[in-house]
Amino acid sequence: MPADTAVSGPLAVASRAPMRVYTTGVFDILHRGHLNILTQAAALGELTVGIMTDQGVESTKGTRPILSLEEREAQVRSLPFVSQVIHYTDPDQRDNYATVRPDIVVQGDDWLFSADRTAALAYLRDNGIRLVLLPRTAGISTTEIRKRVERSGRRDERFLRERLRLVPIGDL
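Residues numbered from 1 in each chain as written. Predicted model: local features only at pLDDT ≥ 70, side-chain atom pairs only at ≥ 80, totals over all residues. Heavy atoms only, no water.

Caption draft 1: How the structure looks around the pairing of strand E2 (residues 46–52). Counting buried residues along E2, six of its seven residues qualify, which places the element largely inside the surrounding structure. Direction of pairing for strand E1 (residues 20–25) relative to E2: parallel, over a ladder of six bridges. Its bridge partner being in E2, Tyr-22 is matched across the sheet by Thr-48. Direction of pairing for E2 relative to strand E3 (residues 82–88): parallel, over a ladder of six bridges. For Thr-48, the partnering residue across the bridge sits in E3 and is Gln-84. (Buried < 20%, exposed > 50% of the residue type's maximum accessible area, 1.4 Å probe, protein only. Helix = DSSP H or I, 4+ residues; strand = E, 2+ residues; numbered from the N terminus. Pairing = 2+ DSSP bridges.)

Shown next as structure tokens:
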């Protein structure tokens, strides 16, 4: 067959678009656990990351994140393997699933038990979306980092007062 002849039918190789992958989180104080889940999710296809808004975090966890939504988004967007970032407030992700239209949803293995996931699981099943649960990275979490900071005893106000010296304007 000449080189310029197109092949069709069963011998043709279909050009496949990359799998659309979606994962979510707060991503406050970006750490190794976040990076593990994000890199593994990105290895499966084109990654969209949903970041929970400050209001969403406060209503579900009872406390606001340390970093603002804009700061958290900037960190996640800076990762070269993240294709898109969206925001969400409601932990029920069905509307985002409909918008993003993922082939695969990736979550940490604690996701199933962190809330009632019945409706989300039904949506995934009914729409043929695969769910991949990845193991948590042991020994690291935003909560653990917060505890480390508290145990360190360092307080920025005290730190600054002990190290700053006021200089009268006339001495300049």
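Caption draft 2: Spatial organisation of the environment of Asp-110. Tracing the chain through its elements places Asp-110 in the loop between strand E4 (104–108) and helix H5 (118–126). Asp-110 sits 25 residues away from Pro-135 along the chain, and the two C-alpha atoms are 8.0 Å apart.

Caption draft 3: Structural context of helix H2 (residues 54–61). Among all positions in H2, only Asp-54, Gly-56 and Val-57 are buried. Buried residues of H2, seen end-on, are gathered within an arc of 160° and therefore sit on one face of the element. The elements touched by buried residues of H2 are E2 and helix H3 (69–77). The first or second residue beyond H2 is Gly-62, which carries a positive phi of 80°. (Arc of directions from axis to C-beta. Contact = heavy atoms within 4.5 Å.)

That is the geometry; function is a separate question.
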